[in-house]
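Below are the chains, spelled out letter by letter.
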Amino acid sequence: MTRIDAKFAALRAEGKKAFVAYIMAGDPDLATSAAVMQGLPGAGVDIIELGMPFTDPMADGPTIQLAGQRSLEGGQTLQKTLDMAAAFRKSDNTTPIVLMGYYNPIYSRGVAKFLVDAKAAGIDGLIVVDLPPEEDAELCIPAQAAGLNFIRLATPTTDAKRLPKVLQNTSGFLYYVSINGITGAAAANPADVAPEVARIKAKTDLPVIVGFGISTPDAAQGIAAIADGCVVGSAIVKDIGAGKPVAEVLANVAALAAGAHRA
Amino acid sequence: MADASINSYMTGPDEQGRFGLFGGRFVSETLMPLILDLEARYEFAKTDPTFWAEMDWLWKHYVGRPSPLYYAERLTKHLGGAKIYLKRDELNHTGAHKINNVLGQIILARRMGKTRIIAETGAGQHGVATATVCAKFGLQCVVYMGAHDVERQAPNVFRMRLLGAEVIPVTSGRGTLKDAMNDALRDWVTNVRDTFYCIGTVAGPHPYPAMVRDFQSIIGKEVRWQLAEQEGAGRLPDTLIAAIGGGSNAMGLFYPFLDDPSVNIIGVEAGGKGVDDRMQHCASLTGGRPGVLHGNRTYLLQDDDGQILEGFSISAGLDYPGIGPEHSWLHDTGRAKYVSITDAEALEAFQLSCKLEGIIPALEPSHALAHVMKIAPTLPHDHIIVMNMCGRGDKDIFTVAKHLGFDMKI
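Note that the structure is a prediction, hence the values are computed from the model and not measured.

Calculation rules
Residues numbered from 1 in each chain as written. Chains lettered and ligands numbered in written order. Predicted model: local features only at pLDDT ≥ 70, side-chain atom pairs only at ≥ 80, totals over all residues. Heavy atoms only, no water. Helix = DSSP H or I, 4+ residues; strand = E, 2+ residues; numbered from the N terminus. Rg over C-alpha atoms; globule rule 2.2 N^0.38 Å. Buried < 20%, exposed > 50% of the residue type's maximum accessible area, 1.4 Å probe, protein only. Contact = heavy atoms within 4.5 Å. Areas by Shrake-Rupley, 256 points an atom, 1.4 Å probe, with all protein chains shown as cover. Phe/Tyr/Trp six-rings, centres within 6.5 Å; stacked < 30°, edge-to-face > 60°. Lys NZ or Arg CZ within 6 Å of the ring centre and 35° of its normal. Pairing = 2+ DSSP bridges. Axes fitted to C-alpha atoms, helices over the stretch in contact; angles between N-to-C directions. Parallel < 35°, antiparallel > 145°, perpendicular 65-115°, else oblique. Left-handed = near helix turned anticlockwise from the far one by under 90°. Nonpolar A, V, L, I, M, F, W, Y, C, P; charged D, E, K, R; others polar. Expected span 1.5 Å × (residues − 1). Disulfide = S-S within 2.5 Å. Buried area = accessible area lost by both parts, 1.4 Å probe. Salt bridge = Lys/Arg side-chain N within 4 Å of Asp/Glu carboxyl O.

1. Let's talk about the overall build of chain A
Moving on, step 1. Helices and strands together make up the secondary structure of chain A, namely twelve helices and nine strands.
Moving on, step 2. For chain A, whose C-alpha radius of gyration is 17 Å, the value lies close to the compact-globule estimate of 18 Å for 263 residues.
Moving on, step 3. Each principal axis of the C-alpha distribution contributes one length, and for chain A these read about 45 × 40 × 35 Å.
Moving on, step 4. In chain A, which comprises 263 residues, the share counted as buried stands at 59%.
Moving on, step 5. Pairs at least 24 apart in sequence give 72% of the contacts found in chain A among residues at least 6 apart.
Moving on, step 6. On chain A, roughly 9,200 Å² of surface is accessible, and the fraction owed to carbon and sulfur atoms is 57%.

2. Quick look at the packing of aromatic side chains
All names here are of chain B.
Moving on, step 1. Within the structure shown, the criterion is met by 16 aromatic pairs over all chains.
Moving on, step 2. Ring centres of F51 and W52 lie 5.4 Å apart, and the angle between their planes is 85°; on these two criteria the pair is classed as edge-to-face.
Moving on, step 3. Judged by its relative accessible area of 0%, F51 falls in the buried class.
Moving on, step 4. Counting every residue linked through ring pairs, the aromatic cluster contains Y42, F51, W52, W59 and F215.
Moving on, step 5. Across the ring face of Y71, the terminal group of K83 is positioned such that the distance to the ring centre comes to 4.9 Å.
Moving on, step 6. Note that K136 overlies the ring of Y62, its terminal NZ or CZ placed 5.4 Å from the centroid.

3. Structural notes on unusual backbone geometry
All names here are of chain B.
Moving on, step 1. The residue after R65, namely P66, is reached through a cis peptide bond having omega -5°.
Moving on, step 2. Summarising the element assignment, P66 is placed in the loop between α2 (49–63) and β3 (69–71).
Moving on, step 3. Put simply, H206 and P207 share a cis peptide bond, and its omega is 10°.
Moving on, step 4. Mapped onto the fold, P207 is located in the loop between β8 (195–197) and α9 (208–216).

4. A look at the pairing of strand β14 (residues 384–388) of chain B
All names here are of chain B.
Moving on, step 1. Counted residue by residue, β14 has five buried out of five residues, so it is predominantly covered.
Moving on, step 2. Across the two faces of β14 the burial is the same, with I384, V386 and N388 and I385 and M387 all buried.
Moving on, step 3. In this sheet, β14 lies alongside strand β9 (residues 239–244) in parallel orientation, the contact comprising three bridges. Residue pairing across strands places T239 opposite I385, the latter belonging to β14.

5. Structural notes on the packing of helix α5 (residues 125–137) of chain B against helix α7 (residues 154–162) of chain B
Residues and elements named next belong to chain B.
Moving on, step 1. Look at α5 against α7: their axes get within 9 Å of each other, and the N-to-C directions meet at 10°. Taken together, the axis directions place α5 and α7 in an arrangement best described as roughly parallel. As for the relative orientation of α5 and α7, their crossing is left-handed in sense. Taken together, the residues of α7 that come into contact with α5 (itself represented by Q125, G127, V128 and A131) are N156, R159 and M160.
Moving on, step 2. Along the lines of polarity and charge, the residues of the contact of α5 with α7 split into three nonpolar, three polar and one charged.

6. Things to note about helix α12 (residues 246–262) of chain A
Owing to its 3.6 residues per turn, the α-helix brings residues three or four apart onto one side.
Moving on, step 1. Spanning 17 residues, α12(A) covers 24 Å between terminal C-alpha atoms, matching the ideal 24 Å at 1.5 Å per step.
Moving on, step 2. Of the residues making up α12(A), those classed as buried are V249(A), L250(A), V253(A), L256(A), A257(A), G259(A) and A260(A).

7. Structural notes on the state of the cysteines
Residues and elements named next belong to chain B.
Moving on, step 1. One pass over the full model with this rule turns up zero disulfides over all chains.
Moving on, step 2. Considering cysteine sulfurs only, C134 is the nearest to C198, which forms no disulfide, with 7.3 Å between them.
Moving on, step 3. For C198, a relative accessible area of 0% corresponds to the buried category.
Moving on, step 4. Its sulfur unpaired, C354 is 15 Å from the next cysteine sulfur, which belongs to C390.

8. Quick word on the interface of chain B and chain A
Interface extent is often summarised as the accessible area lost during association of the parts.
Moving on, step 1. The interface of chain B with chain A comprises 37 residues on the first partner and 37 residues on the second.
Moving on, step 2. Roughly 2,900 Å² is buried in total at the junction of chain B and chain A, and carbon and sulfur atoms are behind 48% of that figure.
Moving on, step 3. Interface area lost by chain B to chain A is led by E29(B), R186(B) and Q307(B), which between them contribute 23%.
Moving on, step 4. Linking chain B to chain A there are five salt bridges.
Moving on, step 5. When the shortest N-O distance is used, the salt bridge between R297(B) and E138(A) registers 2.5 Å.
Moving on, step 6. Elements with a contribution of two residues or more to the side of chain B that touches chain A: β2 (22–26), α1 (32–46), α8 (177–190), β11 (289–293) and β12 (295–300) of chain B.
Moving on, step 7. The element that contributes the greatest number of residues to the side of chain B that touches chain A is α8(B), accounting for six residues.
Moving on, step 8. The residue makeup of the side of chain B that touches chain A, split by class, is 14 nonpolar, twelve polar and eleven charged.

The following block contains the structure:
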């Protein structure tokens, strides 16, 4: 049982939906992003998605592209991202951390070494956007063997025929991408998303968390109501990019979390 | 030396879309169902005689194929060694080999019921070819082009707009071909239901590297019978030489000869200002290492942390930090050899072709020609080199003028 499984069990016992927050490690600098991360559980965040910057984030919109650029320009590396997670773990041993990003920096480090280091840093799960089930032998299967959850994305194009393949080696939770598109784009409509979530939940016992296109407390509430929780990324990253003080960033996160928890 | 354990070099990719370690399908879930559908449609089309009949008709009447295989007599005499033939793909409609592949993909897109075509382009040659074929078939066309390339390739931008395409300058990253490909992929993910992504080179997720290679292989197939016609039945080339950015013109020339062990195969990468630790080049095989980008695993220019580096070349068409996965495999197995040529060497070859043969080459094949200039003098007179003259240089005269210190202002 990973911290992710434990967290969902606890939320279920309380009858609460999960609020998942995404930030980019090292954005705009290591100290600021570490301070934001430290404050996320207190703001009501149940699970932290920690972005690993990449030069070519082909599934991300401008907001997260720019966050990655700021982070890389500030000298962020995969090692610094792992160190940041390890430092967080010293004061918080329950909030799950999911690393999210693209495969090449992991492949470049070496999968075996990366998994040992990630586990040691207190990482609980991985979301790697450019590894579909067809490439499971690369990272998904070794990650599960190392005791990390591998969280897969399902999308509106994942039809009934394909869904079992997507669910097969997924663990922790399933991340449903509410729109065809990139992060930070069009708003998701709960009425459209609800039947899709129901379709997936009929085939799995895993929690289904919905992300992409959620930017306000009301939207967080609306989407969380029809799933097991929701993810907000670009809206938070936008505040950080605008140079807002950490306290203000966290206040906005708290409002989003409260929205999701009202559901 | 070529790997003795391999019986044939022409059976790849495998069912996972791999050429050995390279290739694959490293894309987001949104695109996977479409890529699998495309693969099934292409597998069907490959053996469908009506598909190839349509291609052959268009290649002949619209593109002007077969392109000539031309004995470059003065160049041969000047270099004083091997006999040099040029495969004249620069004489195709739109001025480069790119249209060979675009026609195949657009016919497939039409058969799949797609109404909107997107493409990425560096120098603009693939963008122009795509805009051209879309105009011919009345399809909506959107071309992503790095903002930096839009600036340095203004004539091609105007051509695409004349042909009815929408050209979107890409400002993310540093605004070159790599960034244009990122934005094309973002468009595709967003408009996946009605849009076909027409990739311009032998890269991207499976089945693109194999599909683009198959469409471009018309180049090598023609060379085989054309050379036999001129040099006698059964005469094969001794050496094949082609320039490589992503590597589509090279795969097109090489592929039909991969299982002819007597044929030496040489790919020429863009060495920019020199292949050294300053990394001001685009020589992925000589200066990079395996990584994953744009849907496939291949040799990439990257830093120690797996971040992708920008390439550097005088030629916008070679300015890409990766290379097609099949080339990576041919490199690792030793079946093909890869070398690099600097900007300065390519410029010299460009001028020699103009003066001796009356052919203004594009900067891309000028790199191939520069390598021909290096090796031809060392080879015997009965050694036959076939070089792919894959594009004409009209688009490059402004760049060349600048480098030669010639003032183009009237």
